[in-house]
Amino acid sequence: MSGRAVRAIAPALAGTGGARARRALAFWARRPGLVASVLLIATVLTAAVAPGLFTSQDPLTGVPADRLLAPSADHLFGTDQLGRDLFTRTVHGAAESLRATALAVGLGLVVGSAFGLVAGAFGGLVDDALMRVADVLLSIPALLLSLTVVTALGFGTVNVAIAVGVTSVASFARIMRAEVIRVRDVGYVEAAYASGVRRPTVLLRHVLPNASGPVLVFAAVEFGTVLLAVSALSFLGYGAQPPEPEWGALVSDGRDYLATAWWLTTLPGLTIAATVLAANRVARALEAEETQDREPLP
Amino acid sequence: MARRRLALPAVLLFAAGALAATGCGASESGAGGGTPEAGGELTFALASDPGCVDPQQQGNNDAIYPARQLVDSLTDEDPETGDIVPWLAESWEVSEDARSFTFHIRDDATFSDGTPVDAEAVRANFDSIVELGARAALGSSYLAGYEGTTVDDTHTATVTFAEPNGQFLRATTTFSLGLLAEATTSLPPEERCTDNIVGSGPFVLDEYRPNEVVVETRREDYAWGSSLWRHEGPAYLERLTFEVIPESGVRTGALRSGQVDAIGGVAPQDEAGLDDGGFTVQSRVNPGLPFGLTANISRPAVSDQAVRRAVLLAIDRQEVVDTVLSPSFRPATSTLAHTTDTYLDLSAELTHDTAEAERLLDEAGWRPGPDGVRVKDGEPLTLTVLWAENFGPNENALQLIQQQLRAIGVDLTLRSTSIAEFTALREEGDFDYTWGNATRTDPDILRTQFSAGLVNVARLPDGSPLEEALQAQNAVADPEARAEHSAAAQRLVLEEAYSVPVFELTTVLGIADHVHDLDFEASSRIQLHDTWVS
């Protein structure tokens, strides 16, 4: 996420040498919230890839005698009802939650884009049929649709990801279709046809790359929403099975202890909230860049 | 807390749900709080929606609490001694071969629609329960092999069975065989769930709004209570309201703020707070099978007795009780909970001995693998346990057991399911262990659970020594002979480690101080006839 942010934002800072660096510095200095968000996202991603950097404790095995200890230097987030270190579980939970989020966004992106590309490129009946399906999908509340799908598929992180991913297919399809329609009749596409390139090749080589910008930005915007949806399903018990930690499940496990051990729900809950907010902040920055960047069509 | 609505064997397994009396040293609520006063109301918070208020169709505690108040049974059971005492039946005779049971019914009892409780009503009820079949899972299993009821005279009925049925007399103490008027028994089962329940009990159903509330009012002319009760005549309370409050924290809050007078399913972590805060925590161990792991011996890994024994020895029951439960609970000390009739203390068999467990696994060829999980012929020792959240602390208990088993190199995988799907998944058999319990005061619960022809949770073959002991205990009426066979069965289950009992389910209620004499009956469900408020 952070890498992409930098890459997307860099072209806006055109210039050379020292001037470029100064402008970059000024850009970031004016946006402390964005800096914090990028740092937070980077930290969460690092935790997901290498949890060992943050904690050396075992997320699955606790010390029953040390149960329900309040946050302290030894246990930053306190311990849970079985004496497991909650900070360790939150760190290890990042991998599980982000994997599901990435998979769900990826699914929406790939399947939705394919639908949109086909609908936009072929038009006519194909377009009508695919877009009516998308309309139907959009008319069902997202959470309800996810619940239905995950109930049919069964429990587990991957199933939760699929269930959440399915709900965003229609939105991706719509955006991709609009972009494809914008691009499909421009000169270079017609030129490609005229020089004898076959339709699938034109779509993949010329239309798709030029239509994908807004779709990729939308994927970034979706990231926060999807993380929230994944956590919601995991909260309801559809996600990883115990004792695997997952953010939503951590919040859910702690809610019977609200009166006696506030940290069990509060700290993982704040972690989710902070990550979602940071993801949204970064996505907004990307969106702004993408709008500014868009060059007029030839 | 989960909802509890189930099909046949699940009803048995889940009959315990989450609730409680004394027996393990907890205090009797508000006992001796002065002279009982008639009048007043009681609001009780249930942990889940009853789903159906017909006592004959229900098996989970939250449905039984309101349903129990609507019906009377032929007999009652003394929670202290296990003796069967008169209720609607003034006396009874059991034939030597335990095949026929004659009940002499008192002549003054009536249903709330005015029709008499007589021998004809007994016949109509038992006939209709058999007809309900799986809809009346508990009742129809008690009546298995039912040949019919003959009406000897207006107030004498004889029930006969094709096979000896030693457990039947104690079954007549249950709500499942509580008597309903013809106005109810003649209706199809669906119409008897929210309305139309006409019984002879001390309370009459006013209203049931699913997921909200059950309201009952006192029957003013009631005069045929159980011989165990503290007083004769109508109940003290004028009105009962059972509110459905699923979150345990919210239930506790409702009790603290005075919105309700008593709650069921007190979460272990809330108990201490209630005790200190001027409320009574009242508990009683549920009789029947304690919560534990039951092996599916049709699976290769657990078909080996050594593996099952190792699991039995690796579990530290005391640690489970100390960590995830409360002082109201106790570790299991036998195949049956200690409040069950014919219970035999086998705590010497249920020790925690990881060294012996590891030795057994080593001998059986399970060698420590690279990641700590034992391996044999390239297969890791990974065991799956199927469980449902019919009791709040289940998940924590299983996670702790998972840790304890990992210490000897056994990888336990938890497979959770909804209560509704539990029975169907259990029939598929795609697991090594199931986690559950079953509440009943009679040791015949062992036969119901383990006999090859019945639920058979362990998937035992026909003709095993356990099967013989189980059949034998039901084939005699003599209590001593039954106790002997039941003891043999309890021992066999542990020797073979078909089932690994962990802790005894305890019903825990939180009660405000102005509520007195809220009693548990023998199966640890509540009886509100004697309850009064000041």
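Bear in mind the structure is a predicted one, so any value in this text is a computation, not a measurement. (Residues numbered from 1 in each chain as written. Chains lettered and ligands numbered in written order. Predicted model: local features only at pLDDT ≥ 70, side-chain atom pairs only at ≥ 80, totals over all residues. Heavy atoms only, no water.)

**Student:** I'd like a description of the overall build of chain B, backed by residues and values.
**Tutor:** The number of helices and strands found in chain B is 16 helices and 25 strands. If one aligns the C-alpha atoms of chain B with their principal axes, the spans along those axes are about 75 × 55 × 40 Å. Excluding contacts between residues fewer than 6 apart, the proportion of contacts in chain B whose partners are at least 24 apart in sequence is 73%. For chain B, the accessible area works out to roughly 17,800 Å², and carbon and sulfur atoms hold 47% of it. Where the 36 positive side-chain charges of chain B centre and where its 85 negative ones centre are 5 Å apart. (Helix = DSSP H or I, 4+ residues; strand = E, 2+ residues; numbered from the N terminus. Contact = heavy atoms within 4.5 Å. Areas by Shrake-Rupley, 256 points an atom, 1.4 Å probe, with all protein chains shown as cover. Lys, Arg positive; Asp, Glu negative; His and termini not counted. Charge placed at Lys NZ, Arg CZ, Asp CG, Glu CD.)

**Student:** Help me get a handle on the UniProt feature "domain: ABC transmembrane type-1" (unreviewed entry) in chain A, residues and values and all.
**Tutor:** In this numbering, the UniProt entry assigns the feature "domain: ABC transmembrane type-1" (unreviewed entry) to residues 94-283 of chain A. Along residues 94-283 of chain A the backbone is 84% helical and 0% strand, and the end-to-end C-alpha distance reaches 19 Å. (UniProt positions renumbered as here; feature names shortened; annotations may be inferred.)

**Student:** So what's going on with the UniProt feature "transmembrane region" (unreviewed entry) in chain A? Residues and values would help.
**Tutor:** Residues and elements named next belong to chain A. Taking the numbering used here, the UniProt-annotated feature "transmembrane region" (unreviewed entry) corresponds to residues 33-54, 102-126, 133-152, 158-176, 215-240 and 260-279. When the span residues 215-240 is considered, its composition is 81% helix and 0% strand, and the gap between its end C-alpha atoms is 30 Å. Between the end C-alpha atoms of residues 260-279 there is a gap of 32 Å, over a span that is 85% helix and 0% strand.

**Student:** Provide a residue-level description of the packing of helix H10 (residues 317-324) of chain B against helix H12 (residues 394-406) of chain B, including the pertinent values.
**Tutor:** Residue and element names in this part refer to chain B. Direction vectors running N to C along H10 and H12 enclose 140 degrees, while the axes themselves pass 10 Å from each other. With respect to their mutual orientation, H10 and H12 come out oblique. Two packed elements cross with a definite hand, and for H10 against H12 that hand is right-handed. Contacts between H10 and H12 involve Glu319, Val320, Thr323 and Val324 from the former and Asn396, Ala397, Leu400, Ile401 and Gln404 from the latter. (Axes fitted to C-alpha atoms, helices over the stretch in contact; angles between N-to-C directions. Parallel < 35°, antiparallel > 145°, perpendicular 65-115°, else oblique. Left-handed = near helix turned anticlockwise from the far one by under 90°.)

**Student:** Report on the nonpolar core, specifying residues and quantitative values.
**Tutor:** All names here are of chain B. Ranked by internal contacts, the top residues of the largest apolar core, which has 78 residues, are Leu293, Leu383, Ile401, Trp435, Phe450, Leu466 and Phe503. For this core, the domains that each give at least three residues are domain 1 (8-284 + 507-533) and domain 2 (288-504). In this structure, Ala157, Phe161, Leu179 and Trp229 belong to the second largest nonpolar core, which totals 36 residues. (Core = buried A, V, L, I, M, F, W, Y, C linked by side-chain atoms within 4.5 Å. Buried < 20%, exposed > 50% of the residue type's maximum accessible area, 1.4 Å probe, protein only. Domains from an automatic or database assignment.)

**Student:** Give a detailed account of the interface of chain B and chain A, specifying residues and quantitative values.
**Tutor:** Facing the 19 residues of chain B at the interface are 17 residues of chain A. Summed over both sides, the interface of chain B with chain A buries roughly 1,600 Å², with 41% coming from carbon and sulfur. If you look at where chain B meets chain A, you find 1 salt bridge. In this structure, the salt-bridge partner of B:Glu247 is A:Arg255, at a minimum N-O distance of 3.3 Å. At the boundary of chain B with chain A, the tally comes to 11 residue pairs in polar contact (both at pLDDT 80 or more). If you list the elements that add at least two residues to the side of chain B that touches chain A, you get H10, H12 and strand E18 (411-417) of chain B. In terms of residue count, H12(B) provides more of the side of chain B that touches chain A than any other element does, 7 residues in total. Its residues placed into classes, the side of chain B that touches chain A shows 4 nonpolar, 9 polar and 6 charged. (Buried area = accessible area lost by both parts, 1.4 Å probe. Salt bridge = Lys/Arg side-chain N within 4 Å of Asp/Glu carboxyl O. Polar contact = N/O pair within 3.5 Å; in protein donor to acceptor, adjacent residues only side chain to side chain. Nonpolar A, V, L, I, M, F, W, Y, C, P; charged D, E, K, R; others polar.)

**Student:** Outline unusual backbone geometry, supporting the account with residue identities and numerical values.
**Tutor:** With an omega of 10 degrees, the peptide bond running from A:Pro242 to A:Pro243 counts as cis. Inspection of the secondary structure puts A:Pro243 in the loop between helix H9 (199-235) and helix H10 (247-254). Positioned with a positive phi, B:Ala497 is a non-glycine residue whose angle comes to about 55 degrees. Secondary-structure assignment places B:Ala497 in the loop between helix H16 (479-495) and strand E20 (499-503). A relative accessible area of 0% means that B:Ala497 is categorised as buried. Residues other than glycine seldom take positive phi values, yet B:Ser524 does so here, at roughly 70 degrees. Mapped onto the fold, B:Ser524 is located in the loop between strand E23 (519-520) and strand E24 (526-527). With a relative accessible area of 0%, B:Ser524 lands in the buried category.

**Student:** Could you give me a rundown of the sheet that holds strand E16 (residues 379-380) of chain B, with the residues and numbers involved?
**Tutor:** Residue and element names in this part refer to chain B. Pairing is antiparallel in the open sheet, where 3 strands are placed in the order E14-E15-E16. For this open sheet the edge positions go to strand E14 (367-368) and E16, each flanked by a neighbour on one side alone. Pairing of E14 with strand E15 (residues 374-376) involves 2 bridges; the strand directions are antiparallel. Among the inter-strand pairings, Pro368 is bridged to a residue of E15, identified as Arg374. (Pairing = 2+ DSSP bridges.)

**Student:** Provide a residue-level description of the side chain of B:Gln527, including the pertinent values.
**Tutor:** Residue and element names in this part refer to chain B. Mapping Gln527 onto the fold places it in strand E24. With a relative accessible area of 5%, Gln527 lands in the buried category. Non-local contacts of Gln527, meaning those with residues more than four positions away in its chain, are made with Arg68, Gln69, Trp87, Trp229 and Asp519.

**Student:** Talk me through helix H2 (residues 61-68) of chain B; I want residue IDs and the actual numbers.
**Tutor:** Extensive coverage of H2(B) is indicated by the burial of 8 of its 8 residues. Residues of H2(B) that are buried make contact with strand E1 (41-46), strand E9 (213-218), strand E10 (239-244), strand E21 (506-512) and E24 of chain B.

**Student:** Before we move on, can you summarise the environment of A:Val133 with the specific residues and values?
**Tutor:** Mapped onto the fold, A:Val133 is located in helix H5 (residues 124-139). A sequence separation of 37 residues divides A:Val133 from A:Ala170, and the C-alpha atoms of the two residues are 8.1 Å apart.

**Student:** How would you sum up the sheet that holds strand E13 (residues 288-295) of chain B? Please name residues and give values.
**Tutor:** Residue and element names in this part refer to chain B. Overall, mixed pairing links the 5 strands, which are arranged E18-E17-E19-E13-E20 in an open sheet. Every interior strand has two partners, whereas the edge strands, E18 and E20, have only one. Taken pair by pair, the neighbouring strands of this sheet meet at an average axis angle of 30 degrees, ignoring direction. Sheet topology places strand E17 (residues 382-388) next to strand E19 (residues 433-439); 2 bridges connect them, and they run parallel. Bridge assignment links Val385 to a residue of E19, and that residue is Tyr433. Across the sheet, H12 is in contact with E13, E17, E18, E19 and E20; its angle to E18 comes to roughly 165 degrees. Those strands touched by helix H13 (residues 419-428) are E17, E18 and E19, and its axis lies near 135 degrees from that of E17.

**Student:** Explain a negative patch on the surface to me, using residue names and the numbers behind them.
**Tutor:** Residues and elements named next belong to chain B. Together, Glu96, Asp478, Glu480 and Glu484 make up a region of like negative charge exposed at the surface. Within the secondary structure, Glu480 is located in helix H16. Residue Glu480 is classed as exposed on the basis of its relative accessible area of 64%. (Patch = residues over 30% accessible without salt bridge, like charges linked within 9 Å, V, L, I, M, F, W, Y side chains within 5 Å.)

**Student:** Lay out the packing of helix H4 (residues 86-122) of chain A against H9(A) with the relevant residues and their values.
**Tutor:** Residue and element names in this part refer to chain A. Contact geometry of H4 with H9 gives a least axis separation of 8 Å together with a crossing angle of 145 degrees. In this structure, the crossing between H4 and H9 has a hand that is right-handed. In this structure, H4 uses Ser97, Leu98, Ala100, Thr101, Ala104, Val105, Leu109, Ser113, Leu117, Ala121 and Phe122 to contact H9, whose residues at the interface are Arg199, Leu203, Leu204, Val207, Leu208, Val215, Leu216, Ala219, Phe223, Val226, Leu227 and Val230. Classifying every residue of the contact of H4 with H9 gives 19 nonpolar, 3 polar and 1 charged.

**Student:** Break down the domain arrangement of chain B for me, citing the residues and quoting the values.
**Tutor:** Often, the extent of an interface is quoted as the loss of accessible area on bringing the components together. Residue and element names in this part refer to chain B. You can read the domains of chain B as domain 1 (8-284 + 507-533) and domain 2 (288-504). One C-alpha centre belongs to domain 1, the other to domain 2; they are set 30 Å apart. Facing the 33 residues of domain 1 at the interface are 38 residues of domain 2. For the domain 1 and domain 2 pair, buried surface summed over both sides reaches about 2,700 Å², with 59% attributable to carbon and sulfur atoms. Connecting domain 1 to domain 2 are 2 salt bridges. In this structure, Arg170 and Asp442 form a salt bridge, with 3.0 Å as the shortest nitrogen-oxygen distance. Here domain 1 and domain 2 share 9 residue pairs in polar contact (both at pLDDT 80 or more) between them.

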